[in-house]
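Each chain, letter by letter, is given below.
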There are 2 protein chains.
Amino acid sequence: MALRSYRQHCSLARALDLVGERWTMLLMRDLSCGSQRYGELLAGLPGIGTNLLAARLKTLVAEGLVEKRAAGDYALTAAGRELEPALVALARFGAARLGEPREGELWRALWTPLAMKAAFHPERSADVDDEYEFRIDDEVFWVRVRNGAVTTGGGQAKLPDFVLTTGGQALLELANGALTPGDLVEREDVEFAGALPALERCARLFAR
Amino acid sequence: MALRSYRQHCSLARALDLVGERWTMLLMRDLSCGSQRYGELLAGLPGIGTNLLAARLKTLVAEGLVEKRAAGDYALTAAGRELEPALVALARFGAARLGEPREGELWRALWTPLAMKAAFHPERSADVDDEYEFRIDDEVFWVRVRNGAVTTGGGQAKLPDFVLTTGGQALLELANGALTPGDLVEREDVEFAGALPALERCARLFAR
DNA sequence: CCGGATCCGTAACGATACTG
DNA sequence: CAGTATCGTTACGGATCCGG
């Protein structure tokens, strides 16, 4: 189980030695949104195979990036959370090349916080101090924009400027500009509570 | 040659579909320092194997991230250069876990610009407007710090605050703090021309 | 000689079956 | 539910070969 190394004394090569293998960064992505159980991780990564998931988790725990908690679930350690800027930067690169959903592609509400961090326009966020709550496909999370930075978390927002309850499809259409904020809140399958201008700010801050 | 995909409609997954395979990011790293020929790339990535290098280059060219130029060398396209923030972020993660050189590990002066961007402390760079020239193992490149950001390039600096000619070993010792700027310039195998305070600023801006 | 292409043994992956 | 074991397939790594 000695992990294969590039054998280069280089920061990038070291990072890839640690998290560069197949599935590893997606695993870190899913854990970056909160702890998950083995079964949840497996269900969220179709195609990984149970042995490979177990091996990846074992390696990540040995490296100190992930811990198995008393409750039996897996969570990022403080060291593991240090990978987040890299995940965001990669996602920013990928976002420009994402395009439309392809046949058979999976989409999960869980990935939205990372997608928003990647799509964020800091230069548009001067003087913005907002907090949003999203409820998408039974996932509830909050997004806060303050001091030109985005923070996110699972669960309800404390003092949200709006609460948006919708399916993933409508959210994707808002993100790619096919749907305006005004049109979104009129849809039958969408519930919106709060200030429409805040939703318009949000759309502008995270527009692709 | 249909490239294997994670089949997830996620920015991160898309990025990894494009550049997540083994060797690809290291290839992009080496090309980010300037164009290189097939043979140079091969020599700089021991272990890759000629077939794999050819396959990776072909894929990257097809994706529009790399181009083969009339001179016969390979270079990043504008799209390929957009990956750099992700390489820097990953390198920043890896730098904290790099440690001392291990037995058999390769080191190349070519990687220094990326390492410096990863090690950069923007919060220490207020009011700094410096330009440095390095000549390491026959590699010549410049580093500029201005407006809290780092830019680098191959070749000589225009108006350098110093020119430092040294081997990689001494530079590594400076980077990890084992050698002070004052001690460095006194070494037999080191040539230093310019302002010592500038070198001290440099060491502080890029200290690990 | 440089820039690959071909071939082949090994290691990693992916799917399924099995176990505590 | 949380993995381990097994096995066929794919990717990788090293060597050799080929065309300009």
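Residues numbered from 1 in each chain as written. Chains lettered and ligands numbered in written order. Predicted model: local features only at pLDDT ≥ 70, side-chain atom pairs only at ≥ 80, totals over all residues. Heavy atoms only, no water.

### Observations concerning the environment of L18(B)
Stated precisely, the cut-off is as follows: Secondary structure elements follow DSSP: runs of H or I no shorter than four residues count as helices, runs of E no shorter than two count as strands, and numbering proceeds from the N terminus.
Within the secondary structure layout, L18(B) lies in helix 1 (residues 11-19). Placed 30 residues apart in sequence, L18(B) and I48(B) show a C-alpha to C-alpha distance of 18 Å.

### Remarks on unusual backbone geometry
All names here are of chain B. Here is the rule we go by: Accessible area is worked out with a 1.4 Å probe on protein chains only. A residue is then buried under 20% of its type maximum, exposed over 50%, and partly exposed in between.
Of note in this structure, W23 is not a glycine but carries a positive phi near 80 degrees. Position of W23 relative to the elements: it lies in the loop between helix 1 and helix 2 (24-32). Looking at W23, the relative accessible area reads 5%, which means it is buried. Its identity as a non-glycine residue notwithstanding, D138 has a phi of 70 degrees, on the positive side. The topology assignment puts D138 in the loop between strand 3 (129-136) and strand 4 (139-146). Judged by its relative accessible area of 80%, D138 falls in the exposed class.

### Side note on the domain arrangement of chain A
All names here are of chain A. Note the threshold: The split into domains, and so the bounds of each, comes from an automatic or database assignment of domains. Note: buried area is the sum, over both parts, of the accessible area (probe 1.4 Å) each one loses when the two are combined. A pairing counts as a salt bridge when a side-chain nitrogen of Lys or Arg comes within 4 Å of a carboxyl oxygen of Asp or Glu. Side-chain atoms alone can form a polar contact between residues adjacent in sequence; in general such a contact is a pair of N or O atoms within 3.5 Å, and within protein one must be able to donate a hydrogen while the other accepts it.
Domain parsing of chain A yields domain 1 (11-87) and domain 2 (108-205). Here the C-alpha centroids of domain 1 and domain 2 sit 26 Å apart. Interface area lost by domain 1 to domain 2 is led by R29, C33 and E84, which between them contribute 59%. Between domain 1 and domain 2 we count one salt bridge in total. In this structure, K117 and E84 form a salt bridge, with 3.1 Å as the shortest nitrogen-oxygen distance. At the boundary of domain 1 with domain 2, the tally comes to two residue pairs in polar contact (both at pLDDT 80 or more). Every element with two or more residues in the side of domain 1 that touches domain 2 is listed here: helix 2 (24-32) and helix 6 (84-95).

### Focus: the pairing of strand 5 (residues 149-154) of chain B
All names here are of chain B. Our working rule: Think of it this way: DSSP has to see at least two bridges between two strands before they count as a pair.
Pairing between strand 4 and strand 5: six bridges, direction antiparallel. From the neighbouring strand, V143 faces strand 5, where its bridge partner is T152. Following strand 4, the chain reverses through two residues before pairing antiparallel with strand 5; N147 in that reversal takes a positive phi of roughly 55 degrees.

### Overview of the packing of helix 6 of chain A against helix 6 (residues 84-95) of chain B
Helix packing geometry: the angle between the two helix axes and the distance between the axes. As a reminder, the rule being used: To get an axis, a line is fitted to the C-alpha atoms, and for a helix only the part in contact is used. The angle between two axes follows their N-to-C directions and goes from 0 to 180 degrees. Geometric relationships in this document are graded by angle, where less than 35 degrees denotes roughly parallel, more than 145 denotes roughly antiparallel, 65 to 115 denotes roughly perpendicular, and other angles denote oblique. The handedness criterion is simple: a crossing whose near helix is rotated anticlockwise from the far helix by less than a right angle is left-handed, and one whose near helix is rotated clockwise is right-handed. Contacts between residues were defined by any pair of non-hydrogen atoms, one from each residue, lying within 4.5 Å. In this count, Pro and Cys sit with the nonpolar residues alongside Ala, Val, Leu, Ile, Met, Phe, Trp and Tyr, while Asp, Glu, Lys and Arg are called charged and the others, Gly among them, polar.
Direction vectors running N to C along helix 6 of chain A and helix 6 of chain B enclose 165 degrees, while the axes themselves pass 8 Å from each other. Judged by the inter-axis angle, helix 6 of chain A sits roughly antiparallel to helix 6 of chain B. Seen along the crossing, helix 6 of chain A lies across helix 6 of chain B with a hand that is left-handed. Here P85(A), A86(A), A89(A) and L90(A) of helix 6 of chain A come into contact with helix 6 of chain B, specifically with P85(B), A86(B), A89(B) and L90(B). Of the residues belonging to the contact of helix 6 of chain A with helix 6 of chain B, the class tally is eight nonpolar, no polar and no charged.

### Notes on the sheet that holds strand 5 of chain B
Residue and element names in this part refer to chain B. What the five strands build is an open sheet, ordered 5-4-3-6-7; its pairing is mixed. Lying at the two open borders of the sheet, with one neighbouring strand each, are strand 5 and strand 7 (191-194). Adjacent strand axes in the sheet meet at a mean angle of 15 degrees when their direction is disregarded. Packed onto the sheet, helix 8 (residues 168-175) meets strand 3 and strand 6 (162-166) and runs at close to 120 degrees relative to strand 6.

### As for the packing of helix 1 (residues 11-19) of chain A against helix 6 of chain B
At a closest axis distance of 7 Å, the pairing of helix 1 of chain A and helix 6 of chain B adopts a crossing angle of 80 degrees. In this view, helix 1 of chain A runs roughly perpendicular relative to helix 6 of chain B, as classed from their interaxial angle. For the pair helix 1 of chain A and helix 6 of chain B, the contacting residues are S11(A), L12(A), R14(A), A15(A), L16(A), L18(A) and V19(A) in the first and L87(B), L90(B), A91(B), F93(B), G94(B) and A95(B) in the second. A class-by-class count of the residues in the contact of helix 1 of chain A with helix 6 of chain B yields ten nonpolar, two polar and one charged.

### Considerations on the pairing of strand 3 (residues 129-136) of chain A
Counting buried positions along strand 3 of chain A yields six of eight residues, so the element is predominantly enclosed. The turn joining strand 3 of chain A and strand 4 (residues 139-146) of chain A, which pair antiparallel and follow one another in sequence, is formed by two residues; a positive phi near 50 degrees is taken by D137(A).

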